[in-house]
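Fold and contact review
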Amino acid sequence: MDTEQVTLQLLHKLYPTDDDIAPTDTNFPRWIEEDDTFAPFIPTSITRVIKALRMAECTPSDIVLDLGCGDGRICAAASALFGVTRAVGVECDPLVISQARNSWHTLCKTLSTIDAETVQFLEQDFRNVEMDPVRGWLQQVTVLVVFLSPEFALVFRDTLVRLFERGVTIVAICFNLDEVSGLTVKHGLDPRGDDDIWVYQKRT
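Residues numbered from 1 in each chain as written. Predicted model: local features only at pLDDT ≥ 70, side-chain atom pairs only at ≥ 80, totals over all residues. Heavy atoms only, no water.

Here's the deal with the sheet that holds strand E5 (residues 169–173)
We apply this condition: Paired strands are those between which DSSP finds at least two bridges. Helix numbers and strand numbers start at the N terminus; a helix is a DSSP run of H or I with at least 4 residues, a strand a run of E with at least 2. For helices, the axis comes from a line fit to the C-alpha atoms of the stretch in contact; other axes are also lines fit to C-alpha atoms, and the angle between any two N-to-C directions lies between 0 and 180 degrees. Contacts are assigned to residue pairs with any non-hydrogen atoms lying within 4.5 Å of each other.
The mixed open sheet is built from six strands, whose spatial order is E3-E2-E1-E4-E5-E6. A single partner strand is all that each edge strand has here, and the edge strands are strand E3 (119–123) and strand E6 (197–200). Neighbour to neighbour, the strand axes of the sheet diverge by 15 degrees on average, direction disregarded. In the sheet, strand E2 (residues 86–91) pairs with E3 via five bridges, with the strands oriented parallel. Residue pairing across strands places Val90 opposite Leu122, the latter belonging to E3. Across the face of the sheet, helix H4 (residues 94–110) comes into contact with E2 and E3 while running at roughly 165 degrees to E3.

Given below as structure tokens:
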């Protein structure tokens, strides 16, 4: 069994998903005024994570930022399978961010080919993503991943457009960013999405 197959098996084992049905308006939790999160922890499958990163054409030169990273599966896959320069996950839930760090540590301990330093998890409200210590990565990021509620697009409209115009590839999982004017789906991809994945990329 080659290294990629072993890595895939470990990713599936470390990041299981009982139900990979994409959230919809009828089955996704609704928010009330007192809620303080746009990203309740609802993990998607490693299969969809890998598909999303492939659609974004991640390469070893990329720096990936995952807002509301949950258990860190997107960052882990980006590093372990795509060899990105760095992957940074931002998550405000201390229990979930601890789970992300533990799973990543286990993956690195099991696979000696992975550089543990390529992934960083920050316990921080992603609404403050433009503030230190993330600011440096926000200036360098080449791929932004969001698996967040529709409300996210309204709050982060200006940031999303600014990153898009700078050439950052934006990957939206389960919820599109249609409400953000100024973003266009990557050339050659279906504007309606593929397996509830949308990739936005400025044409050069």
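Examining the pairing of strand E4 (residues 143–146)
For clarity, the threshold we go by: Relative accessibility under 20% of the residue-type maximum defines a buried residue, over 50% an exposed one, and the middle range a partly exposed one, all with a 1.4 Å probe and only protein chains included.
Side chains Val143 and Val145 project from E4 onto one buried face, and the interleaved Leu144 and Val146 project onto a second face that is buried too. Direction of pairing for strand E1 (residues 63–67) relative to E4: parallel, over a ladder of four bridges. What sits directly across from Leu67, in E4, is Val146. Where E4 meets E5, four bridges bridge the pair, whose relative direction is parallel. Within E5, the position partnered with Leu144 by the bridge is Ile170.

Overview of empty space enclosed by the protein
The condition that has to hold: Residues are said to line a cavity or pocket when one of their atoms sits within 4 Å of a point; the points come from a 1 Å grid over protein atoms alone, cavities being sets where a 1.4 Å probe fits but cannot get out and pockets being open sets with protein on both sides within 12 Å along at least five of seven lines. Grid points are joined across faces, edges and corners, and a volume is the space filled by probe spheres set on the points. When residues are sorted by character, Ala, Val, Leu, Ile, Met, Phe, Trp, Tyr, Cys and Pro go into the nonpolar class, Asp, Glu, Lys and Arg into the charged class, and all the rest, Gly among them, into the polar class.
Applying the stated criterion to the full structure yields three cavities of 30 Å³ or more. Surrounding the second largest cavity, Val146, Phe147, Leu148, Ser149, Pro150, Phe152, Ala153, Ile173, Phe175, Asn176 and Leu177 form its lining. Considering each element in turn, the lining of the second largest cavity owes the most residues, three residues, to helix H6 (residues 150–155). In the lining of the second largest cavity, the residues fall into nine nonpolar, two polar and no charged.

Some words on H4
Heads up, the condition is: Take the residue count of a helix, subtract one, and multiply by 1.5 Å to get its expected span. Here the arc refers to the directions that run from the helix axis out to each C-beta atom. For the purposes of these results, a polar contact is taken to be a pair of N or O atoms within 3.5 Å, where, inside protein, one atom must be able to donate a hydrogen and its partner to accept one; residues adjacent in sequence count only when each atom of the pair is a side-chain atom.
Helix length check: H4 (17 residues) gives 24 Å between terminal C-alpha atoms against 24 Å at 1.5 Å per residue, within 8%. All of the buried residues along H4 are Val96, Ile97, Ala100, Ser103, Trp104, Leu107 and Cys108. In an axial view of H4, the angular spread of the buried residues amounts to 135 degrees, which keeps them on one side of the axis. Along H4, the residues that are exposed and aim more than 90 degrees away from the buried face are Leu95, His105 and Lys109. Tucked inside the fold, the buried residues of H4 contact helix H1 (3–14), helix H3 (73–80), E2 and E3. For H4, the N-terminal capping position is held by Asp93, with its side-chain oxygen 2.9 Å away from the main-chain nitrogen of Leu95.

What about the side chain of Thr7?
With respect to the secondary-structure elements, Thr7 resides in helix H1. For Thr7, a relative accessible area of 3% translates into the label buried. What Thr7 contacts, discounting residues up to four positions off in sequence, is Ala80, Leu81 and Leu111.

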